Structures are given as C-alpha cells and as structure tokens.
Amino acid sequence: MELRIFTEPQQGATYDTLLAVAKATEDLGFDAFFRSDHYLRMGSGDGLPGPTDAWLTLAGLARETKRIRLGTLMTAGTFRLPGVLAIQVAQVDQMSGGRVELGLGAGWFEEEHKAYGIPFPKEKFARLEEQLEIVTGLWATERGKTFDFHGTHYDLTDSPALPKPAQQKIPVLIGGHGATRTPRLAAKYADEFNMPFASIEDTERQFGRVRAAAEEAGRDGDDLTYSNALVVCVGRDEAEIARRAAAIGREADELKLNGLAGSPSEVVDKIGRYAEIGARRIYLQILDLHDLDHLELISSQVQAQLS
C-alpha cells in the first residue's frame, strides 16, 4: 500500500507552506505530494492569503524536490483549454525529471467560477471526454507528426503536439462516484482510478464497475491502479486525536466513521480493509498544513507498519 499526501490549499496556504509540506512528504518517505485544483475556499473562514494555482505550485515543487511524484486530484477541465493543459503538464514533467501525474475531472464548484470569471458550461462531461482525448493524443503523437482533432467543443488543426513530457507516458487519473460514464472514461483513458471520500462498501462497488467497464472495452481490469482519497487524523491518544479533529473543524467520532482517524493501529486496520477490496494507494487528505508532526507520526507509526 502506497501512502500519498493530498492537500487542499484553497482553504488557505502560501506556496512556502506547501513547499514545507512537500519537503516533509519527501523526507518522511511518502510516495507523492498531490494537491487540489480550486480557487475558492469551501465552507467557513476567509481562506487567507488566497488561492494558489495548482500547476504553478507543482512547477515550483518540481525544482525543489527530487524523489516524490507530483500531481493533482483533480485538475478542473473548466479551468484550462486542453491544448494549453497538455503543454503545462508536459513542461512540469520535464522540470521534475519525469515525476508528474495528471488527475483530470470535469469541474464542479460553480461558485469559484463565478468568483473569478471562469465560464461554467452546462455540459461538462462531454467536454472532459474530448479533453482527455486531446491531452493524451497530443502527448502520444510522434515527433515530427501533427495532431488533429475536430470535436463538438474543441478543434485542433496541424498541432505540432509539443512539448513532449519527460516520461514516455504521464499517468492519468480519473475518479468519482458516477455509475456509468465515469467507469467508461476510466476504462478508456485512465492509468489509475480514484474513489474519493467513500466507504469501503461504496468503494468496492465502484471498483467493480470500473473493472467491468475495462473488461468490456477489451482491457484487463488489473491494468488500472485503484486508489482512495480519505481525510486523515491520527493521534497517539484520544486527546491528541480530538485536538487534531478540532483543528480542522471536525469531530473525532465522525472522522473515525468517514475517514482514517484514530490511533495508528486503528488507522492501519482500516487501511487494511480498503486493501482487501483492491485499493493499492491511499491519498491522505491533510487539512492542517502547519501540523508537520502529524506527518511524522503517520510516517513512523502508520506507514512503517504498512511497509
């Protein structure tokens, strides 16, 4: 089981804060640093000092880390034109020496679009499908050849399909709870399927749908990596668990039910239950980005047991 650190900077974080978390991620032996792609805080609070851009952040971290994978859960398809996104991600992959992964979703948070003047189209899923075809197609086009795409939402003619990523193939992540279209897209385009903030029962059901869709598309269901994203809150005792839960505005009992919360042994046990139904990676949603001792505890007493 791989453990990855997943951050939500729109809730309030500077680049320097994210850099500190990314360096701790690397130093403590975690597999990857991922971040959300949002421009507006969710819930109460002021979100100060304001949002940071996902791919600008990852470009900086690409030059200031050496080992960890870097990526998004999930880049909003509404934020960037697919040709521009392909260039951005390929460049960051080059800057990192081939450590980038792209999580791409349709986009859903209408309020942030209103706040920053970003168009929020009604039909987002069809756009996402075209975006996936364009981004992966641009990267896969042989050097010296051109890429064309003529769809309902996007039109590319004689694209040189440059630059190329450092990796032969950048891993693509698709995720979500959708019962039909999401598994079909994952089967066609994804290297990894991620189930966010879901119970073991719902995760098992969705993993099964994705496997079935892959097999229907003529692909081995085991070709995909299956993962979960879950909020984490670990403490050495009940007082520490409660303190960390309160710091992120949650209740310890609720987090134990809906996330990965409790003592290290409790969290290891619950991760094991996700592993039993096919999860191979867990994205640990870290909401208090200033509590680096939390990362150290997870590394020394949770990750160590899983290893």
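Residues numbered from 1 in each chain as written. Predicted model: local features only at pLDDT ≥ 70, side-chain atom pairs only at ≥ 80, totals over all residues. Heavy atoms only, no water.

Caption draft 1: Here's a closer look at the side chain of Lys270. Within the secondary structure layout, Lys270 lies in helix H10 (residues 264-276). Within the local environment of Lys270, its side chain forms a polar contact with the backbone oxygen of Gly259, the two atoms lying 2.9 Å apart. The residues contacting Lys270, other than those within four sequence positions of it, are Lys256, Leu257, Asn258, Gly259 and Leu260. (Helix = DSSP H or I, 4+ residues; strand = E, 2+ residues; numbered from the N terminus. Polar contact = N/O pair within 3.5 Å; in protein donor to acceptor, adjacent residues only side chain to side chain. Contact = heavy atoms within 4.5 Å.)

Caption draft 2: Geometry of the layout of surface pockets. Its boundaries defined by the atoms lining it, the largest pocket holds a volume of some 1300 Å³. If you trace the largest pocket, you find 50 residues lining it, with Glu8, His38, Met42, Trp108 and Phe197 closest to the centre. With 3 residues, helix H6 (residues 181-189) is the single largest residue contributor to the lining of the largest pocket. When the residues that make up the lining of the largest pocket are grouped by side-chain class, the tally is 24 nonpolar, 20 polar and 6 charged. (1 Å grid on protein atoms, 1.4 Å probe; cavity = no way out; pocket = protein on both sides within 12 Å on 5 of 7 lines; lining within 4 Å. Points joined across faces, edges and corners; volume = space filled by probe spheres on them. Nonpolar A, V, L, I, M, F, W, Y, C, P; charged D, E, K, R; others polar.)

Caption draft 3: Looking closely at the pattern of salt bridges. Scanning all chains against the criterion turns up 21 salt bridges. Here Glu2 and Arg4 are joined by a salt bridge, their closest N and O atoms 4.0 Å apart. Residue Glu2 is classed as partly exposed on the basis of its relative accessible area of 30%. For Glu142, the salt bridge identified is with Lys145, shortest N-O distance 3.6 Å. Shared partners join several salt bridges into a network, and the residues in it are Glu2, Arg4, Asp31, Arg69, Glu101, Glu192 and Arg281. (Salt bridge = Lys/Arg side-chain N within 4 Å of Asp/Glu carboxyl O. Buried < 20%, exposed > 50% of the residue type's maximum accessible area, 1.4 Å probe, protein only.)

Caption draft 4: Spatial organisation of the packing of aromatic side chains. Here the structure, examined in full by the defined rule, presents 6 aromatic pairs. Taking 6.4 Å as the distance between ring centres and 85° as the angle between the ring planes, the aromatic pair formed by Phe193 and Phe207 counts as edge-to-face. One end of the pair, Phe193, is in strand E9 (residues 192-196); the other, Phe207, is in helix H7 (residues 200-216), with 14 residues separating them in the sequence. Assessed through its relative accessible area of 2%, Phe207 is described here as buried. On the basis of an interplanar angle of 55° and a centroid distance of 5.0 Å, the ring pair of Phe207 and Tyr226 is categorised as tilted. With Phe207 in helix H7 and Tyr226 in strand E10 (residues 225-234), this residue pair connects regions lying 19 residues apart in the sequence. Ring-pair connections join several aromatic residues into one group, and the members of that group are Tyr39, Phe79 and Tyr116. Between Arg181 and the ring centre of Phe125, over which it is positioned, the NZ or CZ distance is 4.2 Å. (Phe/Tyr/Trp six-rings, centres within 6.5 Å; stacked < 30°, edge-to-face > 60°. Lys NZ or Arg CZ within 6 Å of the ring centre and 35° of its normal.)

Caption draft 5: Molecular detail of the packing of H10 against helix H11 (residues 292-306). Direction vectors running N to C along H10 and H11 enclose 45°, while the axes themselves pass 9 Å from each other. As the angle between them shows, H10 and H11 are arranged oblique. Here H10 runs over H11; the crossing is right-handed. Taking contact as the criterion, the partners of Pro264, Ser265, Val267, Val268 and Ile271 in H10 are, on H11, Leu297, Gln301, Val302, Gln305 and Leu306. When grouped by side-chain class, the residues that make up the contact of H10 with H11 number 7 nonpolar, 3 polar and no charged. (Axes fitted to C-alpha atoms, helices over the stretch in contact; angles between N-to-C directions. Parallel < 35°, antiparallel > 145°, perpendicular 65-115°, else oblique. Left-handed = near helix turned anticlockwise from the far one by under 90°.)

Caption draft 6: The arrangement of the packing of H6 against H7 in detail. The interhelical angle for the contact between H6 and H7, taken along N-to-C directions, is 50°, at an axis separation of 8 Å. Taken together, the axes of H6 and H7 lie oblique to each other. In this structure, the crossing between H6 and H7 has a hand that is right-handed. Contacts from Thr182, Pro183, Arg184, Ala186 and Ala187 in H6 reach Gln206, Arg209, Val210, Ala213 and Ala214 in H7. Residues belonging to the contact of H6 with H7 are distributed by class as follows: 6 nonpolar, 2 polar and 2 charged.

Caption draft 7: Quick look at H7. Spanning 17 residues, H7 covers 24 Å between terminal C-alpha atoms, matching the ideal 24 Å at 1.5 Å per step. Taken together, the buried positions of H7 are occupied by Ile200, Thr203, Gln206, Phe207, Val210, Ala213 and Ala214. Buried residues of H7, seen end-on, are gathered within an arc of 145° and therefore sit on one face of the element. Turned more than 90 degrees off the buried face of H7, the exposed positions are Glu215 and Glu216. Looking at the packing, one finds that the buried side of H7 touches H6, E9, E10 and H10. Count one or two residues on from H7 and you reach Gly218, which has phi positive near 85°. (Expected span 1.5 Å × (residues − 1). Arc of directions from axis to C-beta.)

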